[in-house]
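# Breakdown of the fold
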Amino acid sequence: MLFGNRRPLLPLFPLKSIQSSISFAFSCLILVTIVVTSLISYRLSVDAVEQNATGYIEEIIKQVNSNIQSYVDNMENISLLAMTNKDVKYYISDNDFISTEERRVYEKRISDLFQAILYTRQDIASIMVFGYNDRFVSDRRITSLNPNADVRNAPWYKSAKAAGGQSVISAPHVQNIIQNEYRWVVSLSRELRSTDGISPEGIFLVDLNLSVINDICRQINLGNKGYVFIVDQEGNIVYHPQQQLIYSGLASEKIDEVNAAASGASFTTGEGDGKRIYSVQGTNFGWKIVGVAYGDELIANKDTLSRSLFLYAFFGLAIALLLSVLLSHQLSRPIKNLQKDMKLVEKGNFDIKTEIGQMNEIGQLGRTFNMMVGQIKNLMEEAILTQEQKRKSELALLQSQINPHFLYNTLDSIIWMAEQKKHEEVVLMTSALAKLFRSSISKEKELVPIRVEIEHIKNYLIIQKMRYNNQLDYRLDIAPSIMMYRSLKILLQPFVENAIYHGIRNKPEMGLITIRGYEEEDRIVFEVEDDGLGMTEEKLEMLLEPVGGSGLSDPLQSGSGGKGIGISNVNERIKLFFGEPYGIQIRSELEVGTCVTIIIPKLD
Amino acid sequence: MRKSRLTVVFTVMVLVVFIYAFFYARFTGVADWALSSGEADKNVIVILKTSNVRSDFWQAVKGGIEAAAKEMVVNAEIQGPLAETDANAQIGLLEAAILRKPHAIVVAPINDYRMKDVLGRVREAGIQLVLIDNPIEIESPPVAISNDHLRAGRLAGETAISMNGGHPKAAIISDNVDVLASVQRKKGIEEALFGYTDGIYGTYYSLDSEERAYLIAKSLLSSGETPFNTFITLTESATLGTAKAIEEEGQAGKVKLIGFESSIEEIQLLEAGVLNATLVQRPFNMGYLALKSALKLESGRSVEPDTHIESTVVTRLNMYSPENQKLLFPFNENE
């Protein structure tokens with residue numbers, strides 16, 4: 001009871017036709033497949049490109065690294081050269097010179113050496129030696145030091161001293177020790193020792209133009225936005241294209257992550273458009289060179305990738321959809337044809353034979369359908385035939401019956417005539433009645449020669465004439481040539497009866513019934529004409545109305561009603577027997593008379 | 001049977017048409033759309049007061065603009081007259097820029113009576129406008145990025161207080177009464193020194209002449225016992241002239257000198273101890289922020305209408321710190 005009102009389940013594809021259902025299902029399937037494959041291939045391609053790009057950045061940064069390393073190595077070599085140079089050693093050693101002239105010679109020699117080095121190296125800004133003995137020599141002949149710059153407090157000086165013979169690389173800074181010169185350099189400094197290697201004697205300084213490193217970093221192309229930066233051991237920025245912004249807090253850099261990262265490592269930060277890939281390379285002098293590339297640029301053609309994938313998917317989809325429509329059309333077409341034919345059958349056309357294509361399921365369906373329609377058609381025909389047969393025999397039975405009133409009246413007339421001793425008339429009437437009965441009850445076939453039919457009507461008219469005495473006269477005008485043809489039994493009697501009862505009986509004067517019979521082409525025409533009262537339209541229509549369904553009980557009533565067995569029944573009987581083109585026509589005019597024309601085929 | 005063959009033929013035809021159309025499209029417009037990467041580049045024209053490579057300040061602004069342009073991936077075209085005072089040339093450049101209809105124009109306007117009209121026309125043309133350095137007043141003020149001269153002045157005053165143990169007595173040497181930057185710097189100093197007895201000894205105008213500043217300082221110093229202990233010079237020329245007078249009078253270190261801006265000469269004076277402090281601007285940041293603001297405006301986001309760039313006090317002690325080195329010695333990338 002609880003689920004008494006359960007609704008039927010909705011179909012999976014709530015579409016009207018099979019074709020659209022199939023297309024819809026196909027389309028969904030294709031859509032899902034294409035979308036899924038596109039997404040997966042997009043993801044895979046992006047991953048692959050990203051991996052490639054990361055490798056590429058690593059390579060570039062390695063290259064930068066080795067370039068910078070080579071410059072630093074070069075400075076190192078220069079420092080070794082100075083360290084092992086005897087002149088330099090002697091010049092800054094603690095021993096006293098005899099004369100300033102002798103000192104000048106040394107100064108000149110060292111200066112020449114440094115100058116020679118400087119000539120070959122454009123990247124070196126200056127080479128200097130500061131002895132702890134306050135002696136000082138540089139690559140220039142005449143060097144005026146900045147009086148306000150305290151060399152001993154310079155970071156490179158102090159750290160070299162602290163490092164004890166190891167070379168020290170400074171962060172980029174402005175070198176201010178030479179008067180009126182403020183250059184951005186990277187300094188390599190190193191403490192020089194005496195020949196025995198124990199006592200420290202001075203500091204050696206090589207300055208590398210920062211522009212060298214700057215150029216290397218700037219020339220690296222890591223996309224439009226990508227850049228290279230350098231941090232030292234402590235995580236201080238050595239070089240960064242946005243150094244000033246970082247100092248002012250307008251920009252930030254992932255220094256901590258870089259510090260934590262090992263050399264050769266890569267890491268990514270950010271998501272989506274802000275994704276950045278950091279590639280870190282360490283150097284043997286403590287700097288870390290970091291390449292930063294932007295994800296959206298690395299996968300430079302990410303958009304291209306997605307758009308061409310989209311295009312491919314779109315075209316694929318379009319073609320697939322088209323195919324699905326065609327395919328579903330192909331599949332559903334025979335069903336549609338079948339459906340169309342079924343519609344025709346529904347309307348009553350049983351002559352349909354549906355076209356059967358391939359002998360698949362639908363073909364079999366079509367074949368079964370054809371068989372079914374054929375059977376239905378046969379059954380229908382059979383039923384019609386049976387019905388007709390039944391009706392025919394009904395009608396025949398109806399007509400062959402003698403109206404009882406007629407019989408009583410006739411017998412009354414005979415009795416009356418016998419009482420009058422009119423023997424001849426009695427004989428005539430009785431013999432006519434006997435003939436009439438004989439032909440009525442004869443077990444002969446439905447069709448009789450016209451001669452017999454005429455004989456029959458003549459007997460009937462004889463009886464009627466005697467009954468109505470001088471009120472009725474008749475004339476038979478039958479072409480002898482038609483006598484041999486066959487006609488329905490008791491064809492004319494209803495019309496004659498009609499003419500008497502409706503036309504002549506109530507006419508004060510003598511009435512005349514003329515029966516004509518002649519052939520016309522391949523037909524035989526009978527005319528039953530009276531000059532009686534004629535009929536109104538309404539009466540005519542009433543006459544033509546079929547009498548009753550079965551019509552069997554009618555003849556009993558029709559005696560009083562005078563309708564006989566019904567004009568329409570005769571008409572139906574003719575049509576049942578001979579077909580549509582045959583039948584009766586009635587022409588009637590008040591006060592003039594009625595003429596019934598009966599047309600039947602010529603039958604031998 | 002005939003019908004289905006027709007369908008097959010039709011299908012094949014459609015397929016062929018599709019494939020043909022696709023490959024045809026690859027070599028024409030659709031392909032451009034499909035294979036082009038990213039949006040169309042944005043154009044910004046930047047017109048500085050000068051494009052002279054000798055101007056460290058404007059070269060640093062340019063550096064900031066270039067850094068921002070790289071970061072934001074835009075085309076930034078940087079122009080400017082050769083001389084900082086050439087208003088005609090700058091107006092000419094602006095007019096040419098308007099005709100080219102860039103997405104935005106960044107201008108450091110030179111003071112000129114026609115400038116308001118030209119800037120008005122930039123806006124009428126539907127181009128986003130950002131002013132830098134000199135926020136001249138026009139109707140419905142545009143976004144401006146400028147140095148915070150008022151705050152710089154206040155910093156200078158505070159430096160004077162701390163250098164003199166809380167007893168500042170400052171002589172101010174400005175250039176002109178009607179230069180906005182100088183007026184604001186002076187106002188900042190006055191705010192900082194407000195409440196100190198004789199905090200400001202007097203204000204003098206050098207008309208941006210080193211010689212005049214020298215003469216003013218000389219006359220102030222040569223009058224025996226000086227009734228003030230600090231010079232605050234509002235321009236570079238005033239600083240240099242005053243420094244020369246202090247050195248000549250042997251008053252270096254005794255009379256404090258606090259200047260503005262930076263140049264090699266000023267740096268050397270700092271090193272020598274004649275100039276005790278200078279207030280250095282951050283032109284790189286100004287350029288950087290200007291371009292960023294212009295792009296923000298262009299994409300319809302809200303932008304702070306007035307951005308002030310702060311100055312830094314640089315003294316002898318901190319002048320070689322990594323931060324200040326960058327400010328004092330702009331690294332010329334084209335070197």
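Being a predicted model, the structure only gives us computed values, none of them experimental. (Residues numbered from 1 in each chain as written. Chains lettered and ligands numbered in written order. Predicted model: local features only at pLDDT ≥ 70, side-chain atom pairs only at ≥ 80, totals over all residues. Heavy atoms only, no water.)

### Looking at the overall build of chain B
For the record, the criterion: Where helices and strands are cited, they refer to DSSP runs of H or I of at least four residues and of E of at least two residues respectively, numbered from the N terminus. Burial classes: relative accessible area under 20% of the type maximum marks a residue as buried, over 50% as exposed, and values in between as partly exposed (1.4 Å probe, protein chains only). Here, residues are in contact when the closest pair of their heavy atoms is within 4.5 Å. Every accessible area reported is derived by Shrake-Rupley at a probe size of 1.4 Å, with residue values counting cover from the shown protein chains alone.
Within chain B one finds 12 helices and 12 strands. Within the span of chain B, comprising 335 residues, buried residues form 50% of the whole. Of the contacts formed within chain B by residues at least 6 apart in sequence, a portion of 71% connects residues at least 24 apart. Just so you have it, chain B exposes about 16000 Å², and 54% of that area is on carbon and sulfur atoms.

### Let's talk about the overall build of chain A
Of regular secondary structure, chain A possesses 17 helices and 18 strands. Residues classed as buried in chain A amount to 46% of the 604 residues present. Carbon together with sulfur atoms contributes 55% to the accessible area of chain A, which is approximately 32200 Å² in total.

### So, the nonpolar core
Definition in use: What makes a nonpolar core is a set of buried Ala, Val, Leu, Ile, Met, Phe, Trp, Tyr and Cys residues whose side-chain atoms join them at distances within 4.5 Å.
Core analysis: the biggest nonpolar cluster contains 76 residues, and A:Ile68, A:Phe114 and B:Phe231 have the highest contact counts within it. Here the element with the most residues in this core is helix 1 (residues 18-84) of chain A; it accounts for 9 residues. Leave out the neighbours within four places in its chain, and A:Phe114 touches A:Ala82, A:Val88, A:Ile127, A:Met128, A:Val129, A:Val137, A:Ser138, A:Asp139 and A:Phe204. Ranked by size, the runner-up nonpolar core spans 49 residues in total, among them A:Ala432, A:Val496, A:Ile515 and A:Ile584.

### Some thoughts on the sheet that holds strand 15 (residues 511-520) of chain A
All names here are of chain A. Definition in use: At least two bridges found by DSSP between two strands are what make those strands a pair. Fitted lines through C-alpha atoms give the axes, limited to the stretch in contact for helices. The angle between two N-to-C directions lies from 0 to 180 degrees.
Judged by pairing direction, the sheet is mixed, and its 5 strands sit side by side in the order 13-15-16-18-17 without closing on themselves. Among the strands making up the open sheet, the edge pair consists of strand 13 (472-478) and strand 17 (583-589). Between one strand and the next, the sheet's axes are offset by a mean angle of 10 degrees, whatever the strand orientation. When strand 16 (residues 523-530) meets strand 18 (residues 593-601), the two strands line up antiparallel, connected through 8 bridges.

### Here's the deal with the pairing of strand 1 (residues 124-131) of chain A
Residue and element names in this part refer to chain A. Counting buried residues in strand 1 gives 8 out of 8 residues, a clear majority hidden from the surface. One ladder, built from 7 bridges, connects strand 1 with strand 6 (residues 200-209); its direction is antiparallel. Across the sheet, the residue bridging to Phe-130 is Ile-203, located in strand 6. Across 3 bridges, the pairing between strand 1 and strand 2 (residues 136-138) is antiparallel. In the sheet register, Val-129 faces strand 2, and the bridge partner there is Val-137. Where strand 1 folds back onto strand 2 in an antiparallel hairpin, the turn is made up of 4 residues, including Asp-134, whose phi is positive at roughly 70 degrees.

### Examining the packing of helix 4 (residues 87-100) of chain B against helix 5 (residues 115-124) of chain B
To describe two helices that pack against each other, one gives the angle between their axes and the distance between the axes. All names here are of chain B. Selection rule: Working definition: roughly parallel below 35 degrees, roughly antiparallel above 145 degrees, roughly perpendicular at 65 to 115 degrees, and oblique for all remaining angles. The handedness criterion is simple: a crossing whose near helix is rotated anticlockwise from the far helix by less than a right angle is left-handed, and one whose near helix is rotated clockwise is right-handed. All residues other than Ala, Val, Leu, Ile, Met, Phe, Trp, Tyr, Cys, Pro, Asp, Glu, Lys and Arg, Gly among them, are scored as polar; the first ten of these are nonpolar and the last four charged.
Direction vectors running N to C along helix 4 and helix 5 enclose 15 degrees, while the axes themselves pass 10 Å from each other. Here helix 4 lies roughly parallel to helix 5, going by the angle between them. Both helix 4 and helix 5 take part in a crossing whose hand is left-handed. Here Gln-90, Ile-91, Leu-94, Glu-95 and Ile-98 of helix 4 come into contact with helix 5, specifically with Met-115, Val-118, Leu-119, Arg-121 and Val-122. In terms of residue class, the contact of helix 4 with helix 5 is made up of 7 nonpolar, 1 polar and 2 charged.

### Quick notes on the environment of B:Thr230
Residue and element names in this part refer to chain B. To keep it simple, the criterion reads: Within 3.5 Å is the distance limit for a polar contact, defined as a pair of N or O atoms, with the added protein rule that one can donate a hydrogen and the other accept it, and that residues adjacent in sequence qualify only through two side-chain atoms.
Along the chain, the position of Thr-230 falls in strand 8 (residues 230-233). On the basis of relative accessibility, which here comes to 0%, the residue Thr-230 falls in the buried class. Between the alpha carbons of Thr-230 and Lys-254 there is a distance of 8.7 Å; along the sequence they are 24 residues apart. Contacts of Thr-230, omitting those with residues within four sequence positions, involve Ala-160, Asn-164, Lys-169, Ala-170, Ala-171, Val-255, Lys-256 and Ile-258. Polar contacts involving the side chain of Thr-230 include one to the side chain of Asn-164, which spans 2.6 Å. Looking at Thr-230, its side chain comes within polar contact range of the side chain of Asn-229, at 2.9 Å.

### Topic: the packing of helix 6 (residues 149-163) of chain B against helix 7 (residues 180-193) of chain B
Residue and element names in this part refer to chain B. At a closest axis distance of 6 Å, the pairing of helix 6 and helix 7 adopts a crossing angle of 40 degrees. One element, helix 6, and the other, helix 7, form an angle in the oblique class. Taken as a pair, helix 6 and helix 7 cross one another with a handedness that is right-handed. Of the residues in helix 7, those touching helix 6 at His-149, Leu-150, Gly-153, Arg-154, Ala-156, Gly-157, Glu-158 and Ile-161 are Ala-181, Gln-184, Arg-185, Lys-187, Gly-188, Ile-189, Glu-191, Ala-192 and Leu-193. Considered class by class, the residues forming the contact of helix 6 with helix 7 number 7 nonpolar, 5 polar and 5 charged.

### Notes on the packing of aromatic side chains
Residue and element names in this part refer to chain A. Note the following rule: Stacked, tilted and edge-to-face are the three classes assigned to paired rings of Phe, Tyr and Trp, where Trp is represented by its six-membered ring and a pair needs centres within 6.5 Å; plane angles under 30 degrees give stacked, over 60 edge-to-face, the rest tilted.
What the rule picks out here adds up to 19 aromatic pairs over all chains. Taken together, a centroid distance of 6.3 Å and an interplanar angle of 80 degrees make the contact between Phe-229 and Tyr-278 edge-to-face. Highlighted residues: Phe-229 in strand 7 (residues 227-231) and Tyr-278 in strand 10 (residues 276-282), separated in sequence by 49 residues. According to the relative accessible area criterion, Phe-229 is buried, its value standing at 0%.

### Notes on the pattern of salt bridges
Just so we agree on the cut-off: Here a salt bridge means any side-chain nitrogen of Lys or Arg lying within 4 Å of a carboxyl oxygen belonging to Asp or Glu.
By the definition in use, this model includes 33 salt bridges over all chains. Among the salt bridges present, the one from A:Lys507 reaches A:Asp531, with a minimum N-O distance of 3.6 Å. One end of the pair, A:Lys507, is in the loop between helix 14 (493-504) and strand 15; the other, A:Asp531, is in the loop between strand 16 and helix 15 (537-544), and 24 residues separate them in sequence. Exposure remark for A:Asp531: the relative accessible area of 28% places this residue in the partly exposed category. The partner of B:Lys42 in a salt bridge is B:Glu298, and the shortest N-O contact between them spans 3.2 Å.

### Considerations on the sheet that holds strand 10 (residues 277-280) of chain B
All names here are of chain B. Read from one edge to the other, the open sheet built from 6 strands follows the order 7-6-8-9-10-12, with strand pairing classed as mixed. Each edge of the sheet is formed by a strand with only one pairing partner; in this case those strands are strand 7 (200-205) and strand 12 (312-315). Strand-to-strand twist across the sheet, computed as the mean angle between neighbouring axes with direction ignored, equals 20 degrees. Pairing of strand 8 with strand 9 (residues 256-260) involves 3 bridges; the strand directions are parallel. In the sheet register, Ile-232 faces strand 9, and the bridge partner there is Ile-258. Those strands touched by helix 6 are strand 8, strand 9, strand 10 and strand 12, and its axis lies near 165 degrees from that of strand 9.

### Focus on the confidence of the model for chain A
We apply this condition: Confidence scores here are pLDDT values: one per residue, from the predictor, ranging 0 to 100.
Overall, the predicted model of chain A reaches an average pLDDT of 81, with 90% of residues at or above 70. When the criterion is pLDDT under 50, residues 548-564 of chain A qualifies, and its contacts beyond four places in sequence or with other chains add up to 26 contacts.

### Comments concerning the side chain of B:Asp175
All names here are of chain B. Its place among the elements puts Asp-175 in the loop between strand 6 (170-174) and helix 7. Looking at Asp-175, its side chain comes within polar contact range of the side chain of Ser-174, at 3.4 Å. If we ignore the near neighbours within four places in the chain, the residues touching Asp-175 are Ser-182, Tyr-205, Ser-206, Leu-207, Asp-208 and Thr-235.

### A look at the side chain of A:Gln242
Mapped onto the secondary structure, A:Gln242 falls in the loop between strand 8 (237-239) and helix 6 (243-247). Beyond its immediate sequence surroundings of up to four residues, A:Gln242 is in contact with A:Ala251, B:Ala67, B:Glu71 and B:Tyr288.

### Comments concerning the confidence of the model for chain B
Caution applies to low-pLDDT regions: their predicted coordinates should not be interpreted in detail. Residue and element names in this part refer to chain B. This prediction gives chain B a mean pLDDT of 84; 88% of its residues lie at or above 70. Long-range and interchain partners of residues 29-40, a stretch whose pLDDT sits below 50, account for 19 contacts in this model, where long-range means more than four residues apart. For this predicted complex, the interface score ipTM comes out at 0.79, alongside a pTM of 0.63.

### Here we look at the environment of A:Ile57
Relative to the elements of secondary structure, A:Ile57 occurs in helix 1. Relative accessible area serves as the criterion here: at 1%, A:Ile57 is assigned to the buried category.

### Remarks on a nonpolar patch on the surface
Inclusion rule: In this analysis, a patch consists of residues with relative accessible area above 30% that form no salt bridge, clustered at 9 Å for like charges and at 5 Å for the nonpolar side chains Val, Leu, Ile, Met, Phe, Trp and Tyr.
On the surface, A:Val32, A:Val36, A:Ile40 and A:Leu44 cluster together into a nonpolar patch covering about 360 Å² of accessible area. The residue A:Val32 is located in helix 1 in this model.

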